[in-house]
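Structural features, examined
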Amino acid sequence: MTRIEARQGDITTEKLDAIVNAANPTLLGGGGVDGAIHRVAGPQLRAECATLGGCRAGEARLTQGYRLPAPHVIHTVGPVWSGGTKGEPDLLRRCYVNALDLADHHGIRHLAFPSISTGAYGYPIDQAARIATGTVRAYAEGETEIELVRFVCFSAEDLAVYQALLKPPG
Ligand code: ADP
């Protein structure tokens, strides 16, 4: 059974097996959650990322966590929102699936996601959170060793959106 939950907080403080980074295609650091993760992890993270040759939207890459409490970081690149007709929903879904697949293949049982694409990349929170929660739920129904998926929301408003979607029906 995979437990799925949402909490408010700073993902860089999570002590799970892995945290997911909403990276940009260079993987060399940026603003938002990406900047926060690189600041805490330190220069070794950037050095390892520089060996990876970038990452396209929807794909995911695994690195160590260095000075982070989490031993691993899964970097994924969300789609930039441009109205929703450029394949954004499928790309966002693939971010979650590819991050979860990578976790499973490396024996990562407990991991945390930020709200991918809903900051600088402009994806509307309601639509993005529906894809995030729906994709993780569907994944959890398949064969997986993952025991905990935690959505870490930066704001109380985002947390409310995720919690409403995760509430059991009835
Ligand atoms: P993107 O470029 O994919 O939109 P951003 O980092 O700009 O990524 O934003 C994604 C989400 O991460 C936003 O909801 C933002 O508020 C949130 N965020 C920023 N810093 C942190 C952090 N330290 N922990 C968790 N979430 C964060």
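Residues numbered from 1 in each chain as written. Predicted model: local features only at pLDDT ≥ 70, side-chain atom pairs only at ≥ 80, totals over all residues. Heavy atoms only, no water.

For the rest of this paragraph, the subject is the nonpolar core. If you look at the biggest cluster of nonpolar residues, it comprises 32 residues, and the most contacted ones within it are I74, Y96, L100, L111, F113, F151 and Y162. Broken down by secondary-structure element, the contributors of at least two residues to this core are β2 (18-23), α3 (88-105), β5 (110-113), α4 (125-140), β6 (148-153) and α5 (156-166). A total of 7 residues in this core trace back to one element, the largest contributor, which is α3. In this view, F113 contacts I11, V20, Y96, A99, L100, V149, R150, F151 and V152; residues no more than four positions away in its chain are not counted. Formed by 17 residues, the second largest nonpolar core is a distinct cluster that contains I19, I37, C49 and C55. (Core = buried A, V, L, I, M, F, W, Y, C linked by side-chain atoms within 4.5 Å. Buried < 20%, exposed > 50% of the residue type's maximum accessible area, 1.4 Å probe, protein only. Helix = DSSP H or I, 4+ residues; strand = E, 2+ residues; numbered from the N terminus. Contact = heavy atoms within 4.5 Å.)

Close to the ligand lie 15 residues; D10, V33, S117, G119 and A120 are nearest. Between the ligand and S117, the relevant distance is 2.9 Å, taken from an oxygen atom to a main-chain nitrogen or oxygen of the residue. A distance of 2.9 Å separates an oxygen atom of the ligand from a polar backbone atom of G119. Burial of the ligand by the surrounding chains reaches 89%, relative to a free accessible area of 560 Å². Among the elements that line the shell around the ligand, the one with the most residues is helix α1 (residues 32-41), at 3 residues. The residue makeup of the shell around the ligand, split by class, is 7 nonpolar, 6 polar and 2 charged. (Near = heavy atom within 4 Å. Polar contact = N/O pair within 3.5 Å; in protein donor to acceptor, adjacent residues only side chain to side chain. Areas by Shrake-Rupley, 256 points an atom, 1.4 Å probe, with all protein chains shown as cover. Nonpolar A, V, L, I, M, F, W, Y, C, P; charged D, E, K, R; others polar.)

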